[in-house]
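Given next are the chains, with one letter for each unit.
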Amino acid sequence: PAITFVSFEGASRTVQAPVGATAMEVAVRNGVPGIDADCGGACACATCHVYVDEAWRAAVGEPEGMEEDMLDFATDVRPSSRLSCQIKITEALDGLVLHTPERQG
Ligand code: FES
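Residues numbered from 1 in each chain as written. Predicted model: local features only at pLDDT ≥ 70, side-chain atom pairs only at ≥ 80, totals over all residues.

**Observations regarding the overall build of the protein**
Scanning the protein from N- to C-terminus turns up 3 helices and 5 strands. Radius of gyration (C-alpha) of the protein: 12 Å, near the 13 Å computed for a compact globule of 105 residues. Considering only C-alpha atoms, the protein reaches an extent of 30 × 25 × 25 Å along its principal axes. (Helix = DSSP H or I, 4+ residues; strand = E, 2+ residues; numbered from the N terminus. Rg over C-alpha atoms; globule rule 2.2 N^0.38 Å.)

Here you go:
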């Protein structure tokens, strides 16, 4: 599936993502700026914070449990906020658009 990351400045970058990877892993592997992922995907740092594009919010779903708690530590949290290490790539997410925040943490 193709995933597009859009920076806060509006620069967009589309990369191919393997099914089963997380959006955070895809960003890090492709050198997409704006995602720090200090904890390496353990849902323990909130520095992989992204905003899910409005058109994709239903498909991606809402944060739950541990992720929701950890999002309290992210900066400028909005209703579309998710931690990208908790978004698993599926075929249904082909074309997904994620916006990276101005800063992490
Ligand atoms: Fe740390 Fe996602 S990488 S919470």
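**Description of unusual backbone geometry**
Positive phi outside glycine occurs at Ala37, with the angle close to 55°. Structurally, Ala37 is set in the loop between α1 (23-29) and β3 (49-52).

**Details of the environment of Ala2**
You can see Ala2 is positioned in strand β1 (residues 2-6). Look at Ala2 and you get exposed, because 12 C-beta atoms sit within 10 Å. Residues Ala2 and Ala27, 25 residues apart in the sequence, show an inter-C-alpha distance of 12 Å. Excluding its chain neighbours within four sequence positions, the residues that come into contact with Ala2 are Thr14, Gln16, Asp94 and Gly95. (Buried ≥ 20, exposed ≤ 12 C-beta atoms within 10 Å, placed from the backbone. Contact = placed C-beta atoms within 7 Å.)

**Quick word on the environment of Thr75**
You can see Thr75 is positioned in the loop between α3 (65-71) and β4 (81-83). The residues contacting Thr75, other than those within four sequence positions of it, are Pro101, Arg103, Gln104 and Gly105.

**A short note on the pairing of strand β5 (residues 96-99)**
As judged from the 4 bridges shared by β1 and β5, these two strands associate in the parallel manner. Across the sheet, Thr4 pairs through a bridge with Val97, a residue of β5. (Pairing = 2+ DSSP bridges.)

**Focus: the sheet that holds β3**
Here we have 5 strands laid out as an open sheet, ordered β2-β1-β5-β3-β4, and mixed in their pairing. The open sheet is flanked by β2 (12-16) and β4, the only strands paired with a single partner. Geometrically, the sheet is characterised by an average inter-axis angle of 35° between neighbouring strands, direction not taken into account. (Axes fitted to C-alpha atoms, helices over the stretch in contact; angles between N-to-C directions.)

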